[in-house]
Amino acid sequence: ITEAAHAKIRMVVEAKLAGARISDEYDGETIGKDQLQLTGETGNLCAIIPIHGIIGKGVSGIERSSGMVGVEQIEADLDSAMADENVSCILLDIDSPGGSARGIPELGDKIKMANDQKPVLAFTDGQMDSGAYWLAAGSRAIYASRGSEVGSIGVYIPWADETKAYEKEGVSVKVIKNKEGTFKGMGLPGTALTPEQEEHLQKRVQDIFSDFTSHILAGRKVSMDAMRGQSFRACDALECGLIDQVCDFETAVRDCLMLDPPDLLA
């Protein structure tokens, strides 16, 4: 997820915990109501799957109020589109800064497998960053509007070291654990990470990043210089191979309907 979106989540959660009123922008009753849409003619329909908001797995009510979309809903929409014989192609309509890595690799693989049966195209008229780009990378082509933002390819774990704050309050936290539990209790409030724990987390981040870039490079020619966590304007994303065309939504739908079905081999 982008750092700006992560900061916004924290602001909303902290306000909610403090009992503050959440602005209408984060109204849980209205967010996440986007539904699968069908357009075209009978027998040649394009299924438009909305991926709007921060992506997560098993999202709760407070997370939905922060503007999240569940991988389960995206997967359900994908299953519906694949099962409908009148649907000939699928358009992922993305406006997302990314999200939690949990569930995204599996959904990305499922999108790639769906593309082997029905052509899948991804489009953004806003953000297609981080985990959202992971999902888009499984499609046959990626389109973006001129003013959109694409990229932010990377993985990170935010970790707050609150030891100084605890010391200021005169509180010292001791973790009593089995001698073999090097990583047990890691990150408890009031404790700092040990070098071994930090190395463990760094390896986890690198492993996920390796999966991320391998997924992208399996279908696209993108240099590692374009996958250093930065986001690009659509024209620059096109130049470095992250997208295939700069266009509007109507063009994306039209082109999706014109995509040839994959060759089926017996």
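## What about the overall build of the chain?
(1) Moving on: Scanning the chain from terminus to terminus reveals 9 helices and 10 strands.
(2) Moving on: Summarising the internal contacts of the chain: among those between residues at least 6 apart in sequence, 66% fall at separations of at least 24.
(3) Moving on: As presented, the chain carries roughly 14,900 Å² of accessible surface, and 50% of it is formed by carbon and sulfur atoms.

## Here we look at helix α9 (residues 249–258)
(1) Moving on: Of all the positions in α9, only T251, A252, V253, D255 and C256 are classed as buried.
(2) Moving on: In this fold, the buried residues of α9 make contact with β1 (37–41), β2 (44–52), β5 (87–96), β6 (120–129), β7 (141–144) and β10 (245–246).

## Here we look at helix α7 (residues 195–217)
(1) Moving on: Given a rise of 1.5 Å per residue, 23 residues ought to cover 33 Å, and the 32 Å separating the end C-alpha atoms of α7 matches this to within 8%.
(2) Moving on: Regarding α7, the residues found buried are Q197, L201, V205, F209, F212, T213, H215 and I216.
(3) Moving on: Of the surrounding elements, those touching the buried residues of α7 are α4 (104–115) and α5 (131–136).

## Focus on the pairing of β1
(1) Moving on: Across 5 bridges, the pairing between β1 and β2 is antiparallel. When the sheet's bridge partners are listed, T39 is paired in β2 with C46.

## Looking at the side chain of T124
(1) Moving on: When you line up the elements, T124 lands in strand β6.
(2) Moving on: Among the polar contacts made by the side chain of T124, one reaches the main-chain amide nitrogen of G126 at a distance of 3.1 Å.
(3) Moving on: Not counting chain neighbours up to four residues away, the residues in contact with T124 comprise I94, D95, Y143, A144, S145, S148 and V150.

## A short note on the packing of aromatic side chains
Aromatic ring pairs are described here by two measures, namely the spacing of the ring centres and the angle between the planes.
(1) Moving on: On inspection of all chains with the given rule, the structure shows 2 aromatic pairs.
(2) Moving on: For the pair F123 and F249, a centre-to-centre distance of 5.7 Å together with 65 degrees between the ring planes defines the contact as edge-to-face. One end of the pair, F123, is in strand β6; the other, F249, is in helix α9, and 126 residues separate them in sequence.
(3) Moving on: Residue F249 is classed as partly exposed on the basis of its relative accessible area of 26%.
(4) Moving on: Between W134 and F212, the ring centres sit 4.5 Å apart and the planes meet at 15 degrees, which makes this aromatic pair stacked. Of this pair, W134 sits in helix α5 while F212 is found in helix α7, placing the two residues 78 residues apart along the sequence. F212 matches W134 in its accessibility class, with the two residues each being buried.

## What about the pairing of β5?
(1) Moving on: Counting buried residues in β5 gives 8 out of 10 residues, a clear majority hidden from the surface.
(2) Moving on: Sheet topology note: the β5/β6 ladder contains 6 bridges and is parallel. Directly across from S96, in β6, lies its bridge partner M128.
(3) Moving on: Between the parallel elements β5 and β6, the chain passes through α4 in a crossover that is right-handed.

## Things to note about unusual backbone geometry
Negative phi is the rule for most residues except glycine; trans is the rule for most peptide bonds.
(1) Moving on: With phi around 50 degrees, S130 is a residue other than glycine that occupies positive phi space.
(2) Moving on: Within the fold, S130 resides in the loop between β6 and α5.
(3) Moving on: One non-glycine residue, S152, lies in positive phi territory at about 55 degrees.
(4) Moving on: With respect to the helices, strands and loops of the structure, S152 is situated in the loop between β8 (149–151) and α6 (163–168).

## Comments concerning the nonpolar core
(1) Moving on: Counting residues in hydrophobic clusters, the biggest one holds 43 residues, and the most contacted among them are I90, L92, Y133 and L242.
(2) Moving on: Top contributing element to this core by residue count: α5, with 5 residues.
(3) Moving on: Not counting chain neighbours up to four residues away, the residues in contact with L92 comprise I49, I51, I111, V120, L121, A122, F123 and L135.
(4) Moving on: The next biggest cluster of nonpolar side chains, apart from the first, holds 12 residues, and it includes L91, A141, Y143 and A252.

Procedures and definitions
Residues numbered from 1 in each chain as written. Predicted model: local features only at pLDDT ≥ 70, side-chain atom pairs only at ≥ 80, totals over all residues. Heavy atoms only, no water. Helix = DSSP H or I, 4+ residues; strand = E, 2+ residues; numbered from the N terminus. Contact = heavy atoms within 4.5 Å. Areas by Shrake-Rupley, 256 points an atom, 1.4 Å probe, with all protein chains shown as cover. Buried < 20%, exposed > 50% of the residue type's maximum accessible area, 1.4 Å probe, protein only. Expected span 1.5 Å × (residues − 1). Pairing = 2+ DSSP bridges. Polar contact = N/O pair within 3.5 Å; in protein donor to acceptor, adjacent residues only side chain to side chain. Phe/Tyr/Trp six-rings, centres within 6.5 Å; stacked < 30°, edge-to-face > 60°. Right-handed = clockwise from strand over helix to strand, strands pointing away. Core = buried A, V, L, I, M, F, W, Y, C linked by side-chain atoms within 4.5 Å.

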